[in-house]
Amino acid sequence: DAISGEHEIQIEGVQTELEAIELEDGAAVPKEFANPTDDTFMVEDAVEAIGFGKFQWKLSVLTGLAWMADAMEMMILSILAPQLHCEWRLPSWQVALLTSVVFVGMMCSSTLWGNISDQYGRKTGLKISVFWTLYYGILSGFAPVYSWILVLRGLVGFGIGGVPQSVTLYAEFLPMKARAKCILLIEVFWAIGTVFEVLLAVFVMPTLGWRWLLILSAVPLLLFAILCFWLPESARYDVLSGNQEKAIATLKRIAAENGAPMPLGKLIISRQEDRGKMRDLFTPQFRWTTLLLWFIWFSNAFSYYGLVLLTTELFQAGDVCSISSRRKAVKAKCSLACEYLTEEDYTDLLWTTLSEFPGVLVTLWIIDRIGRKKTMALSFFVFSFCSLLLFLCVGRNVLTVLLFIARAFISGGFQAAYVYTPEVYPTATRALGLGTCSGMARVGALITPFIAQVMLESSVYLTLVVYSGCCLLAAVASCFLPIETKGRGLQESSHREWGQEMVGRVSHNMGFTRSNSGSQE
């Protein structure tokens, strides 16, 4: 206790008789300094020892289905808005409100789902949110009038707010070396979801209409709902909540599926803490991180969804200058006048959507080289630069290229934020931290339709300045984040020193000589 500065820990074991590990000088290893090859281990040690295998591949596909469903529900907004604008003769503010109400639901629920996941388990929160989204997603396809679809899409948004918790569950089963790459590769499913939604719209909209598009877009959620009963609860959560036997059973199941041995010894029960408390996000250790991350997530969603909505507007007009001249020339134009998306619009929309894939690859290549903070900063800067280039009166082909690059990098910034956020918070507040960040992202997404669809009618240049300026500030905020998580382990407890789980539990000043199996560095 005097050496480590920690309280005595309670150990409940599965094995009671273990041989002492001998140091080179013949002294027994103190329990405080145990590692996976000694007589005690932590969940982090077990996850690292078991490694990446068959279990994680299955979990990747399942988590990917949740992301694919989320992406399709988001992408459908840019397709549904112009369709209902024409079919129901909606004014532009009602079209914008139809998009915003989804984000209102997400904003209201993100923190709630995070709290549920920290209090009652990651699996519980995720299952409830998926079934909720599936039910109201299908129901919205039967909406008879505008007010009905407004309410039902808002309830869909409320459910989607819980989907990011799949990343919390996923990250807690990944070994450190694979974590960034795996979370980024999961984002490939987001890209697949957006591309699939556009392709689905190409075939469904001209024949079956938007109602069938809404119903068929719920298919990935249906698959996830069927398969999610296979999901185990997070072993990190079980240990933190005092359910040691369940955590050991989960780890043994993963080890068996991966064909890897369990670490020898007894699983240490982490100090039990209050979980899912908002005040823990504002302790001196995390206060600035939380505030800066909130702004970064806000800017990410504000810019990403703004670009998605701007893309359809710009393609319908031809280029930025056409929008500007059209606004000046047609002042007396009826506010209910509309244009359906053409086949050419869908084609170009598909090309810009495909930019998600190189966005993943670029982020994957640089995130472990330059770090999470610099990756986010670079992504914001490139997006801002491309937004300013749209001021030039470029043709449709150059416009498509600029939108392609901008979307690739802003989606890359979003992916980097999804890697960084679960890494920076401890297990007790990880889901809540991700939930509140996701909630702030929804605030940005809530505001963006009124910029990308309403402000655009007044001034296209002011619209572009708003997006560019916001991303420049977000790039600065990324650089000022106090913690870089590259090469760090996940924190089990807010009471432990940062990174202690991975740098070992032995003080370098002790003077002990490590055994050949020594603690992880």
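Looking at an unreviewed UniProt entry, one finds the chain named Synaptic vesicle 2-related protein and attributed to Gopherus evgoodei. The record held by UniProt for the chain lists under Subcellular location (unreviewed entry) the comment "Cytoplasmic vesicle, Secretory vesicle, Synaptic vesicle membrane". In its Sequence similarities (unreviewed entry) section, the UniProt record describing the chain reads: "Belongs to the major facilitator superfamily."

Another point: the overall build of the chain. Scanning the chain from terminus to terminus reveals 20 helices and 2 strands. In the chain, which comprises 521 residues, the share counted as buried stands at 59%. The long-range fraction of contacts in the chain, counting pairs at least 24 apart against all pairs at least 6 apart in sequence, stands at 83%. On the chain, roughly 20600 Å² of surface is accessible, and the fraction owed to carbon and sulfur atoms is 65%.

Below, the discussion takes up helix α11 (residues 244-258). Here α11 contains 15 residues, and its C-alpha end-to-end distance of 21 Å stays within 8% of the 21 Å for a straight helix at 1.5 Å per residue. Listed as buried for α11 are Gln244, Ala247, Ile248, Thr250, Leu251, Ile254, Ala255 and Asn258. Looking down the long axis of α11, one finds its buried residues gathered within 160° of arc, a one-sided arrangement. In α11, the exposed residues that point more than 90 degrees away from the buried face are Glu245 and Ala256.

Quick look at the packing of helix α2 (residues 54-87) against helix α3 (residues 92-120) now. Taken N-terminus to C-terminus, the directions of α2 and α3 make an angle of 155°; their axes are 9 Å apart at the nearest point. Viewed along their axes, α2 and α3 adopt a mutual orientation that is roughly antiparallel. Pair α2 / α3 crosses with right-handed handedness. Taken together, the residues of α3 that come into contact with α2 (itself represented by Met74, Leu77, Leu80, Ala81, Leu84 and His85) are Ser92, Val95, Leu98, Thr99, Val102, Phe103 and Met106.

In total, this model carries 22 aromatic pairs according to the counting rule given. When the ring of phenylalanine 131 is compared with that of phenylalanine 229, the centres are 6.3 Å apart and the planes differ by 55°; the resulting orientation is tilted. Pair noted here: phenylalanine 131 is in helix α4 (residues 122-139) and phenylalanine 229 is in the loop between α9 (219-227) and α10 (235-240), with a separation of 98 residues, a long-range link. Residue classification places phenylalanine 131 among the partly exposed positions, given a relative accessible area of 36%. Taking the relative accessible area as the measure of exposure, phenylalanine 229 reaches 52% and is therefore exposed. An aromatic cluster of at least three residues, connected via ring pairs, comprises Trp67, Trp190, Trp297, Tyr304, Tyr305, Phe414 and Tyr418. Just above the ring of tryptophan 230 sits the side chain of arginine 253; from NZ or CZ to the centre is 5.1 Å.

To continue, consider the pattern of salt bridges. A pair can form between side chains of opposite charge whenever their charged atoms are brought close. Applying the stated rule across the entire model yields 6 salt bridges. Two residues, arginine 372 and glutamate 423, come together in a salt bridge whose shortest N-O distance is 2.9 Å. Placement of arginine 372 in helix α16 (residues 372-389) and of glutamate 423 in helix α17 (residues 396-424) is noted, with a sequence separation of 51 residues between them. Of the two residues examined, arginine 372 and glutamate 423, each falls in the buried class. Several salt bridges converge on common partners, so that one network encompasses Lys58, Arg253 and Glu257.

This part takes up the environment of leucine 267. Locating leucine 267 in the fold gives a position in strand β2 (residues 266-267). As a C-alpha pair, leucine 267 and aspartate 45 span 222 residues in sequence and 9.6 Å in three-dimensional space.

Next up on the list: the confidence of the model for the chain. With 79% of its residues at a pLDDT of 70 or more, the chain has an overall mean of 75. Throughout residues 11-37 the model reports pLDDT below 50, and contacts reaching past four residues in sequence, or to other chains, amount to 57 contacts.

Moving on: α4. Taking 1.5 Å of rise per residue, the 18 residues of α4 would be expected to cover 26 Å, and the 26 Å separating its terminal C-alpha atoms lies within 8% of that figure. Along α4, the residues classified as buried are Arg122, Lys123, Gly125, Leu126, Ser129, Val130, Thr133, Leu134, Tyr136 and Gly137.

What follows concerns a nonpolar patch on the surface. On the surface, Tyr135, Ile138, Leu139 and Phe142 cluster together into a nonpolar patch covering about 400 Å² of accessible area. Among the structural elements, tyrosine 135 can be located in helix α4.

Where two cysteines share a covalent bond between their sulfur atoms, that bond is called a disulfide. Under the counting rule described, the total for this entry stands at 0 disulfides. Cysteine cysteine 470 remains unbridged, with the sulfur of cysteine 471 as its closest cysteine sulfur at 5.6 Å. What makes cysteine 470 buried here is its relative accessible area of 10%.

Turning next to the environment of phenylalanine 158. Counting through the fold element by element, phenylalanine 158 comes out in helix α5 (residues 146-160). Note: C-alpha distance between phenylalanine 158 and serine 109 (49 residues apart in sequence) is 5.4 Å.

Conventions and cut-offs
- Residues numbered from 1 in each chain as written.
- Predicted model: local features only at pLDDT ≥ 70, side-chain atom pairs only at ≥ 80, totals over all residues.
- Heavy atoms only, no water.
- UniProt positions renumbered as here; feature names shortened; annotations may be inferred.
- Helix = DSSP H or I, 4+ residues; strand = E, 2+ residues; numbered from the N terminus.
- Buried < 20%, exposed > 50% of the residue type's maximum accessible area, 1.4 Å probe, protein only.
- Contact = heavy atoms within 4.5 Å.
- Areas by Shrake-Rupley, 256 points an atom, 1.4 Å probe, with all protein chains shown as cover.
- Expected span 1.5 Å × (residues − 1).
- Arc of directions from axis to C-beta.
- Axes fitted to C-alpha atoms, helices over the stretch in contact; angles between N-to-C directions.
- Parallel < 35°, antiparallel > 145°, perpendicular 65-115°, else oblique.
- Left-handed = near helix turned anticlockwise from the far one by under 90°.
- Phe/Tyr/Trp six-rings, centres within 6.5 Å; stacked < 30°, edge-to-face > 60°.
- Lys NZ or Arg CZ within 6 Å of the ring centre and 35° of its normal.
- Salt bridge = Lys/Arg side-chain N within 4 Å of Asp/Glu carboxyl O.
- pLDDT = per-residue confidence, 0-100.
- Patch = residues over 30% accessible without salt bridge, like charges linked within 9 Å, V, L, I, M, F, W, Y side chains within 5 Å.
- Disulfide = S-S within 2.5 Å.

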